[in-house]
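Structural description and commentary
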Amino acid sequence: MHDTVNAVANFINLDTANIIYLFLVGFVGGLVSGFIGSGGAFVLTPAMMSMGVPGLVAVASNMCHKFPKALIGAIKRAKYGQVDVKLGIVLGISAEAGVLYGAHIQESIKKSFGEAGSNLYVSAAFVVILAVVGGFILIDAWKTYKSGNAHEEEKVTKLARWVQSVNIPGTMVYFKSIDAKVSVLFTLPLGFATGMLAATIAVGGFIGVPSMIYVLGAPSLMASATELVIAFVMGLGGSFKFAMHGLVDIRLAMIILAGSLFGIQLGAIGTTYVKPFMIKVVMGVIMVTVLFSRALMVPVYMSQLHLIQELSEGTAKSLKNVSFGIMIFALAMGAFIVLRAMWQGRKAERLLHTSEALGHGKV
Amino acid sequence: MAKSYQSKKPVGKMIFMGIISIALYVTLLSQQDMLNEYFGKGGVYAFLPIVTAFLFSYIHGTFTGDFWTVLGIEAARKKQEVK
């Protein structure tokens, strides 16, 4: 009960500027997640914290806007035939386990090394994972673009072909996105890793989507759409857990949702206009940009832990501001690429229809 | 071939859902203190934020979907090559 009273006392006063700010960040975050399956949380959580919302309430409220948003996005993209519900649920359940384990690790790090130790762990996870996975995705997207095969169907990686060829009796499940049977012994650790990342950096999709593409062999469009199902399953369980402790600020969650539902519908529509490799471009660009943002924070936390010479207060503050600025830039850039690709796709479609109509002598 | 490219736009439905959505948000912001008190209780009250999230997502989600349709922003007509 004591916690509850504290949590209520921690719900901030909302003014109009805060509401507009959350609505706009929600919109851009929704646009990106409608397109690549996740994203936005890495800006939303710190944005709320900068308003004075306590860390846990920010994480809880973010999660409570994420699952309804993901649901609406998944329904929309299912209409375009891009969602593999079975794969999403199978991965989502193991992701839930990953979230719980990830939260447990976070707690024990916080206990042993304090707030700065936990922040350092989160930033290090950001930097390593985003550098490896984000770099790989960008290189792959670049190769596709250079080879001029952007229009062709994506090639299934060697790894995915091997995964699909392994037959472990009693564990094989057919997934329509992969069009093959895959052992759940492969999907379990992937889902678990997605959940662990979600518990650590709030964006599980940075593992979930690439693993569906490169390890399981799903097409990018289906992988990013299926990620929304994973986010829904994970977010619903997580929100309930936080709500049990009275940590969800429903006002914050619903205001962000107001903006993000506009965004996610638009992002989902956007996927029908672009070549599949654009999903990889947007995801890779955001991941690599966010990486720089987090890397800047590493010395701040290291100095707090006295691992390096102490930074002056001014330096630490400007590093923090630049880091937050880069994160907003990453999200805005993702949104820009999505909107631009969509704009061009629509233009090309209009031209096609005009010429078709001319061909039929209708105009 | 004779199919028209213009489809009927759900203007009425959008306005209807929009009004309900606005009503929901007005209630949310005008009853902040009461909501915070109950929603922050935890325990069994955890169902409150979850149910609210589903309600808002249905009403506001339908509205935003129709909003873009009415504006003429819809999915590409040419079906994407997805397996």
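Residues numbered from 1 in each chain as written. Chains lettered and ligands numbered in written order. Predicted model: local features only at pLDDT ≥ 70, side-chain atom pairs only at ≥ 80, totals over all residues. Heavy atoms only, no water.

With 96% of its residues at a pLDDT of 70 or more, chain A has an overall mean of 91. Considering only residues more than four positions removed or in separate chains, one finds that residues 1-7 of chain A, a stretch of pLDDT under 50, has six contacts. (pLDDT = per-residue confidence, 0-100. Contact = heavy atoms within 4.5 Å.)

Moving on, we come to the interface of chain A and chain B. Opposite the 47 residues of chain A that make contact, chain B presents 40 residues. In total, about 4,000 Å² of surface goes out of reach between chain A and chain B, with carbon and sulfur atoms giving 67% of it. Counting the surface chain A buries against chain B, the share from its top three residues, Ile250, Arg251 and Phe262 of chain A, is 15%. Here chain A is connected to chain B by zero salt bridges. Elements that contribute at least two residues to the side of chain A that touches chain B include exactly helix H1 (2-9), helix H2 (16-36), helix H4 (55-79), helix H9 (220-244), helix H10 (250-270) and helix H12 (313-359) of chain A. Looking at which element gives the most residues to the side of chain A that touches chain B, the answer is H10 of chain A, with 11 residues. The residue makeup of the side of chain A that touches chain B, split by class, is 30 nonpolar, nine polar and eight charged. (Buried area = accessible area lost by both parts, 1.4 Å probe. Salt bridge = Lys/Arg side-chain N within 4 Å of Asp/Glu carboxyl O. Helix = DSSP H or I, 4+ residues; strand = E, 2+ residues; numbered from the N terminus. Nonpolar A, V, L, I, M, F, W, Y, C, P; charged D, E, K, R; others polar.)

Residue and element names in this part refer to chain A. Of the pairings in the sheet, the one linking strand S1 (residues 172-175) to strand S2 (residues 180-183) comprises four bridges and is antiparallel in character. Across the sheet, the residue bridging to Val173 is Val182, located in S2. From the end of S1 to the start of S2, which pair antiparallel, there are four residues, and Asp179 there has a positive phi angle of about 60°. (Pairing = 2+ DSSP bridges.)

Turning our attention to the pattern of salt bridges. Residues and elements named next belong to chain A. All chains considered together, the criterion is met by five salt bridges over all chains. Between Glu154 and Lys280 there is a salt bridge, with its nearest N and O atoms 3.2 Å apart. Remark: Lys280 occurs in helix H11 (residues 277-304) and Glu154 occurs in the loop between helix H5 (85-147) and helix H6 (158-165); sequence separation between them is 126 residues. Overall, Glu154 belongs to the partly exposed group, its relative accessible area being 25%. Among the charged side chains, a salt-bridge network with shared partners connects Asp140, Glu154 and Lys280. (Buried < 20%, exposed > 50% of the residue type's maximum accessible area, 1.4 Å probe, protein only.)

Residue and element names in this part refer to chain A. Core analysis: the largest hydrophobic core is formed by 123 residues, its most contacted members being Phe42, Phe206 and Met254. By residue number, the principal contributor to this core is H10, which donates 14 residues. Every residue in contact with Phe206, bar those within four places of it in the chain, is listed here: Ser38, Phe42, Leu130, Val133, Leu197, Ile201, Met283, Ile286 and Met287. Judged by nonpolar contacts, the second largest core, of six residues, contains Met297, Val300, Tyr301 and Ala316. (Core = buried A, V, L, I, M, F, W, Y, C linked by side-chain atoms within 4.5 Å.)

Attention shifts here to empty space enclosed by the protein. Residues and elements named next belong to chain A. Evaluated as defined, the whole model comprises one cavity of 30 Å³ or more. Taken as a whole, the largest cavity spans an internal volume of roughly 130 Å³. As for the largest cavity, its lining consists of 21 residues, and the residues nearest its centre are Gly37, Ser38, Gly39, Lys66 and Lys69. Residue assignment for the lining of the largest cavity shows that the elements contributing at least two residues are helix H3 (41-50), H4 and H9. It is H4 that provides the largest number of residues to the lining of the largest cavity, a total of five residues. Partitioning the lining of the largest cavity into residue classes produces nine nonpolar, nine polar and three charged. (1 Å grid on protein atoms, 1.4 Å probe; cavity = no way out; pocket = protein on both sides within 12 Å on 5 of 7 lines; lining within 4 Å. Points joined across faces, edges and corners; volume = space filled by probe spheres on them.)

Let us look at the side chain of Ser94 of chain A. All names here are of chain A. By the element assignment, Ser94 lies in helix H5. Among the polar contacts made by the side chain of Ser94, one reaches the main-chain carbonyl oxygen of Leu91 at a distance of 3.1 Å. Those residues in contact with Ser94, other than ones at most four positions away along the chain, are Thr187, Leu188, Gly191 and Phe192. (Polar contact = N/O pair within 3.5 Å; in protein donor to acceptor, adjacent residues only side chain to side chain.)

What follows is about the packing of aromatic side chains. Taken as a whole, this structure holds 18 aromatic pairs over all chains when the rule is applied. When the ring of Tyr38 of chain B is compared with that of Tyr45 of chain B, the centres are 6.3 Å apart and the planes differ by 35°; the resulting orientation is tilted. On the basis of relative accessibility, which here comes to 34%, the residue Tyr38 of chain B falls in the partly exposed class. Residue Tyr45 of chain B is classed as partly exposed on the basis of its relative accessible area, which comes to 34%. An aromatic cluster is present here, built from Phe23 and Phe262 of chain A together with Phe63, Phe67 and Trp68 of chain B joined pairwise through their rings. One Lys or Arg, Lys241 of chain A, reaches over the ring of Phe242 of chain A and ends 5.9 Å from the middle of that ring. (Phe/Tyr/Trp six-rings, centres within 6.5 Å; stacked < 30°, edge-to-face > 60°. Lys NZ or Arg CZ within 6 Å of the ring centre and 35° of its normal.)

With that settled, the discussion passes to the layout of surface pockets. Residues and elements named next belong to chain A. Its volume calculated, the largest pocket comes out at about 1,600 Å³. Along its surface, the largest pocket is lined by 49 residues, and Thr45, Met49, Gly55, Leu56 and Val59 are the ones closest to its centre. Of all elements in the fold, only H1, H3, H4, H5, helix H7 (184-201), H9, H11 and H12 reach the threshold of two or more residues within the lining of the largest pocket. Counting residues per element, the lining of the largest pocket draws most heavily on H5, which supplies 11 residues. Each residue belonging to the lining of the largest pocket can be placed in one class, and the counts come to 25 nonpolar, 15 polar and nine charged.

A word on the packing of H7 of chain A against helix H8 (residues 205-216) of chain A. All names here are of chain A. The contact between H7 and H8 brings their axes to 8 Å, and the two run at 155°. Of the possible angle classes, the one that applies to H7 and H8 is roughly antiparallel. Classified by chirality, the crossing of H8 by H7 is right-handed. Taken together, the residues of H8 that come into contact with H7 (itself represented by Thr187, Leu190, Ala193, Thr194, Leu197 and Ile201) are Phe206, Ile207, Gly208, Ser211, Val215 and Leu216. Its residues assigned to classes, the contact of H7 with H8 shows eight nonpolar, four polar and no charged. (Axes fitted to C-alpha atoms, helices over the stretch in contact; angles between N-to-C directions. Parallel < 35°, antiparallel > 145°, perpendicular 65-115°, else oblique. Left-handed = near helix turned anticlockwise from the far one by under 90°.)

Moving on: the environment of Ala180 of chain A. Inspection of the secondary structure assignment puts Ala180 of chain A in strand S2. Residues in contact with Ala180 of chain A, not counting those within four places in the same chain, are Gln164, Val173, Tyr174 and Phe175 of chain A.

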